[in-house]
Amino acid sequence: MRSQVIQRLDMEAYVLAMAVAAPRHCIDEGMDPMSLAGKKIVIIGGTSGIGFAVAQQAAAAGADVVVASSNQDRVDTATKRLGERAEGRRLDVADGNAIAAFFEQVGEFDHLVYTAGESLLIKPLVDTTPQEARAVFERRFWGAFLSAKYAAPRLRDGGSITFSSGVLAIRPLSGTALTAGITGGIEALSRALAVELAPLRVNVIQPGVIRTELWDGSVPDPEAFLQGAGSELLTRRVGTAEEAAAAYLFVLANAYVTGTTLAIDGGAALV
């Protein structure tokens, strides 16, 4: 029995040593396994807010980025700001045929990030029309689903898909039933696709309240809302787009992370 325990410990030590040594070996040869340099990353919703911050950080890390948005002016402005490593395309994520054509044009790539979504619909259930609900669902859930469908066959070995949800999935507020339902659905979709598409990796970033343009059309007084929301968090402030983007880059680069929902919410789930 004692010899079996020793053998098991020896094997565990060997596995641990190999896990530590392998990355060092790659780094010694100039092959950082967590580098995004030379990767092609498609960011749907990458012309503003968190998506644009993801594109900025990915380009700074040496990746080539393709940003897509439904607004051509935003596409042009974002591409100019991102510089030579960026390409921009107009895409209406409510149009399934347009999504299919978009990925046909993009061709093979390494990572998909989906941050698309219009302003939040904060409205009591009884006052929400079916048309309003379907419009939000089309962009935030159906667009994500179809993007994964058409992207998956074109993702290279080691590739990944990263969706976006939100803290409302676990801490809904009055008037957010639709958004909470969609974000919760995105998280369930991610786990299911992580199983179905393996070894392709699928993850979700779950932001809390982040200071972006999103709130301009979501609440009457965005600054007052952000100040009030921040004062209730453990961090005593809301997050920045750059802080949220760093979470996306982590799951893109770390090849051992899949089926995970990563919260970046200032402790919102605890208050």
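Everything that follows concerns the structure shown earlier in this document.
These numbers were taken from a predicted model, which means no experiment stands behind them.

Rules used throughout
- Residues numbered from 1 in each chain as written.
- Predicted model: local features only at pLDDT ≥ 70, side-chain atom pairs only at ≥ 80, totals over all residues.
- Heavy atoms only, no water.
- Helix = DSSP H or I, 4+ residues; strand = E, 2+ residues; numbered from the N terminus.
- Buried < 20%, exposed > 50% of the residue type's maximum accessible area, 1.4 Å probe, protein only.
- Areas by Shrake-Rupley, 256 points an atom, 1.4 Å probe, with all protein chains shown as cover.
- Contact = heavy atoms within 4.5 Å.
- Axes fitted to C-alpha atoms, helices over the stretch in contact; angles between N-to-C directions.
- Left-handed = near helix turned anticlockwise from the far one by under 90°.
- Nonpolar A, V, L, I, M, F, W, Y, C, P; charged D, E, K, R; others polar.

(A) Region of the structure containing the overall build of the chain. Helix and strand counts for the chain come out as 8 helices and 9 strands. Looking at the 271 residues of the chain, the share that counts as buried comes to 42%. Carbon and sulfur atoms provide 56% of the accessible area of the chain, an area that totals close to 14200 Å².

(B) Representation of the environment of Ala229. Secondary-structure assignment places Ala229 in helix α7 (residues 222-231). Judged by its relative accessible area of 14%, Ala229 is buried. Taking the C-alpha atoms as reference, Ala229 lies 7.4 Å from Val209; in sequence the two are 20 residues apart. Leave out the neighbours within four places in its chain, and Ala229 touches Val209 and Val238.

(C) Up close: the packing of helix α4 (residues 96-106) against helix α5 (residues 130-151). Across the interface, α4 lies against α5 with an axial gap of 9 Å and an inter-helix angle of 35°. Judged by the sense of rotation from one axis to the other, the crossing of α4 with α5 is right-handed. The residues of α5 that touch α4, namely those facing Gly96, Ile99, Ala100 and Phe103, are Gly143, Leu146, Ser147, Tyr150 and Ala151. Considering only residue class, the contact of α4 with α5 consists of 6 nonpolar, 3 polar and no charged.

No statement about biological role is implied by the geometric values presented.
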